[in-house]
Amino acid sequence: MSVPDYMQCAEDHQTLLVVVQPVGIVSEENFFRIYKRISSVSQISVRDSQRVLYIRYRHHYPPENNEWGDFQTHRKVVGLITITDCFSAKDWPQTFEKFHVQKEIYGSTLYDSRLFVFGLQGEITEQPRTDVAFYPNYEDCEAVEKRIEDFIESLFIVLESKRLDRATDKSGDKIPLLCVPFEKKDFVGLDTDSRHYKKRCQGRMRKHVGDLCLQAGMLQDSLVHYHMSVELLRSVNDFLWLGAALEGLCSASVICHYPGGTGGKTGARRFQGSSLPAEAANRHRPGAQEVLIDPGALTTNGINPDTSAEIGRAKNCLSPEDIIDKYKEAISYYSKYKNAGVIELEACVKAVRVLAIQKRSMDASEFLQNAVYINLRQLSEEEKIQRYSILSELYELIGFHRKSAFFKRVAAMQCVAPSISEPGWRACYKLLLETLPGYSLSLDPKDFSRGTHRGWAAVQMRLLHELVYASRRMGNPALSVRHLSFLLQTMLDFLSDQEKKDVTQSLENYTCKCPGTMELLTLPGGPTLPPVPFTKLPIVRRVKLLNLPTSLRPQKMKSLLGQNVSTKSPFIYSPIIAHNRGEERNKKIDFQWVQGDVCEVQLMVYNPMPFELRVENMGLLTSGVDFESLPAALSLPAESGLYPVTLVGVPQTTGMITVNGYHTTVFGVFSDCLLDNLPGVKTSGSTVEVIPALPRLQISTSLPRSAHSLQPSSGDEISTNVSVQLYNGEAQQLVIQLENIGTEPLETLEVTSRLLTTKEKLYGDFLSWNLEETLAQFPLQPGKVATFVVNIKVKLDFSCQENLLQDLSDDGISVSGFPLCSPFRQVVRPRVESKPVNAPEGGKPGDPSHMKTLEAILNFKYSGGPGHAEGYYRNLSLGLHVEAEPSVFFTRVTTLPATSTRQCHLLLDIFNSTEHELTVSARGNEELILHAGECQRLAVVRRAEGETWLCRTKHCAD
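Please read all numbers here as calculations on a predicted model, not as lab measurements.

Peer 1: Just to check I follow, could you spell out the sheet that holds strand β26 (residues 785–793) for this structure?
Peer 2: Hydrogen bonds between backbone atoms are what pair the strands of a sheet, whose relative direction is either parallel or antiparallel. With respect to topology, four strands assemble into an open sheet ordered β21-β23-β26-β25, the strand pairing being antiparallel. Pairing within the sheet leaves two strands with one partner each, and these edge strands are β21 (697–701) and β25 (767–769). Recorded for the sheet is a direction-independent mean angle of 30° between the axes of neighbouring strands. Relative to strand β23 (residues 731–740), β21 runs antiparallel, the two being bridged by five bridges. Within β23, the residue paired with Ile699 across the bridge is Leu738.

Printed below as a string of structure tokens:
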């Protein structure tokens, strides 16, 4: 016996073996369609009896195994069913001849046979035959199952007759010696009259009758025969057959204890529909007393056909523990014979299935370990694959998942052994996939983001490399890319620096031909392979949605703030609403984005690779509104620290937008990385409101930009700062160009100014403008420019600057200094040392220490487009920095005696503190020219009516 049946189980000992084979040319589809219907009739109840007959079907069975039918009768082919196509009466004789040839292969053991002919019609089909059934086609054959039942009944009749014949053998002392094929030559020349020989014959025949009783449904009778056989064979040290008797005893006991079977679903199906309850199997049946032979046979051949008296004495069914002990003993006997390796291997498999039901995994592993080292003949590659696969399944059955995976991987490697001319890479790949659970490996990357790593990383990486190679040899580069991506993503922490470089280089080579995608891949056999996003290349630690720049942030008009709140609920407070708002607060952000404006999200990333990481096509993944993501490309240095990356995009519609994650292309693999799948990512929220579009205003001025950045106490940011330097009393126009650089018309504009905190006292209006001329150009369409003019006039009091006035006094007397429009007078104490009027360089009036600074903010509040209809506007601020220098001082004021009652004369000593030439004029007086640093006297006439003639000054450029 050379071909083991790895699917054997203990309950197979009670089955009759029927072979179903095609004759001639029959399509595989048609054959298995009929084979499936035939094999559905796997058990029938014997008429007028409680016995059940079980059938085991095979469509292929080695004839050499049939030679062991006397050793164990369930190995004997007792039935043959052939299926053939015949469409012409001329072909019928040849077809029938082929049927007889097929019968001769198993002719020595066959009880009965049948031929099913499809396609033949005519007179031949009308002839009544018991061994041939004709059907017009494969669809019109409803009576197949009924014919199979009749066929099984005929097998039972032959079986029962053989059982009775064996039990009632009256050949005196000449009981035939049953042998296995390799024993026949060993018994040539033995003394057939010796007591030892007779006991051997009796023991083997007892065991054979026990097999027949078990197949005939007489379970208790078989137990008695097995017990008696064990005693006889043990006494003559017939170890091979003693092992068979012990195995038969174990099989009958297993059937008693486990009526559901030990072979999985197949075994469980055997007892469906059976009229024999579990309790009845353990009771003695009247059928055991149906055998009546000559009582003298008991003394002549030692076989008592009426075993009813012995049933009470026999131990009958073994206990579950004894079953395993007897299996061990039987296997130890089989191991003594080199030619019984297949029998030993199958016995180990049967014992393992029983131990699996008893949940004795460690004991089962001992049997399996023994099965691994059983030396059979030189097996073919296909037989090796089958052997390792069954060992894997059995280890899985007893819960040894890693050991199961080991043997399944060995079977996979055997599929592509060098000795195979056409390696089966598809079968290899399928088996490798089945090993994954045993090594705690899942092809879903989500399973690797749930806590600590499970399993041996080194073994897992080896297995993934083998999957990559197998899929490449299968001609499926997409699978190779997916497995290599999975290896890089999940095993990154366990790869050395050199391995990281090698894997990424291989991945780039694969993706040149087949880029990695986020699509589900269907594996051979049906299951799908989930996508593998590169969430670790780069690793993201923080995600933050950024507010718009200050000048672009939308603001709600105060008059409209309460409208939306009032429409939500008629109640002032609702705990349900408060609860919902609390939940939203965890994700919703308190600022808004604007439709059509560029919005930003900042990511803090770092590169874990030992080389520069190039990330291409990096953009945002959003939901809720239409969003145009503007992809970016970046290059991160090797093993960089946290590195800020800003991703931008433009919302195209309004509503609530949620940033779900980002997408990248790394090493040719496109990835969608969702924030929910990123462990350890900090985020302040991912949902923000997008309001309707607003115009965008850009301003440019006639003044140069200022190096001074205003810092208002309110915290407002100034978009633009300009500066100007004026003399006290000087006026200048600030021309502002208002350009609409957005896509919506600018419809409204409000301008306000705010003077920052200053200790200086201003006289008159510092800033003034006329907005009506600008608003006349509205609505301002996109791309258009409007002009806005602001008048700047500086009027400050410089008389308080003591150091400056001391420098102007040259005679040590009190000096009074007045601004041009100031009615006040201040007295400055005399200086210690006299100085010339033209002060030295360090103390001249133009020194920065003598300047005064004014700072103001111009606020432009504007709106337009759909955002204006919703009550939103924008603010744009312009910072104005003005430096004022002193211009003219009145150092002395005197009066002349009046010559008339209608007017008087004032004498003013005027000093030019600038570096420029000034012209001073008064009403009705001639103009007075003052050079830089020069002091002159000017007479001013005062009328009696109270009118004052004021002077005006102007300076000339150098």
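Peer 1: Got a minute to help me understand the pairing of strand β6 (residues 132–135) in this structure?
Peer 2: Two faces belong to every sheet, and in a regular strand the side chains alternate between them. Because side chains alternate across β6, one face comprises the buried residues Val132 and Phe134, and the other comprises Ala133 and Tyr135, equally buried. Sheet analysis places strand β5 (residues 112–118) next to β6, joined by four bridges and oriented parallel. For Phe116, the partnering residue across the bridge sits in β6 and is Ala133.

Peer 1: Would you mind showing me how to read the pattern of salt bridges here?
Peer 2: When the charged atoms of two side chains with opposite charge come close together, those side chains can pair. Tallying each qualifying case throughout the model produces 27 salt bridges. Where Arg37 meets Glu145, a salt bridge forms, and the shortest distance between an N and an O atom there is 2.9 Å. Here Arg37, found in helix α1 (residues 28–39), pairs with Glu145, found in helix α5 (residues 144–167); they are 108 residues apart in sequence, far enough to count as distant. A relative accessible area of 23% places Glu145 in the partly exposed class.

Peer 1: Whenever I open this one, the nonpolar core confuses me. Can you help?
Peer 2: In globular proteins that are soluble, nonpolar side chains generally tend to be buried together. By size, the foremost hydrophobic cluster in this structure holds 81 residues, and its most contacted members are Leu488, Leu537, Trp593, Leu603 and Phe667. Considering each element in turn, this core owes the most residues, seven residues, to helix α19 (residues 457–473). Not counting residues up to four positions away in its chain, the partners in contact with Phe667 are Leu488, Thr504, Leu507, Glu508, Thr511, Phe534, Leu537, Phe611 and Leu613. The next biggest cluster of nonpolar side chains, apart from the first, holds 68 residues, and it includes Ile175, Leu214, Leu240 and Leu391.

Peer 1: When you look at the sheet that holds strand β12 (residues 599–606) in this model, what are you seeing that I'm missing?
Peer 2: Pairing within the open sheet is mixed, and its five strands lie in the order β14-β16-β12-β9-β19. Taken across any chain shown, the strands that pair with only one partner, and hence form the sheet edges, are β14 (627–630) and β19 (682–683). As judged from the two bridges shared by strand β9 (residues 539–545) and β19, these two strands associate in the parallel manner. In the sheet register, Val543 faces β19, and the bridge partner there is Thr683.

Peer 1: Where do I start with the packing of aromatic side chains in this structure?
Peer 2: The geometry of an aromatic ring pair is captured by the separation of the ring centres together with the interplanar angle, meaning the angle of the planes. Applying the stated criterion across every chain, the model contains 24 aromatic pairs. By the ring-pair criterion, three or more aromatic residues cluster together here, those being Trp68, Phe71, Phe182, Trp241, Tyr334 and Tyr337. Directly above the ring of Phe239 sits Lys336, whose terminal nitrogen or CZ lies 5.3 Å from the centroid.

Cut-offs applied
Residues numbered from 1 in each chain as written. Predicted model: local features only at pLDDT ≥ 70, side-chain atom pairs only at ≥ 80, totals over all residues. Heavy atoms only, no water. Pairing = 2+ DSSP bridges. Helix = DSSP H or I, 4+ residues; strand = E, 2+ residues; numbered from the N terminus. Axes fitted to C-alpha atoms, helices over the stretch in contact; angles between N-to-C directions. Buried < 20%, exposed > 50% of the residue type's maximum accessible area, 1.4 Å probe, protein only. Salt bridge = Lys/Arg side-chain N within 4 Å of Asp/Glu carboxyl O. Core = buried A, V, L, I, M, F, W, Y, C linked by side-chain atoms within 4.5 Å. Contact = heavy atoms within 4.5 Å. Phe/Tyr/Trp six-rings, centres within 6.5 Å; stacked < 30°, edge-to-face > 60°. Lys NZ or Arg CZ within 6 Å of the ring centre and 35° of its normal.

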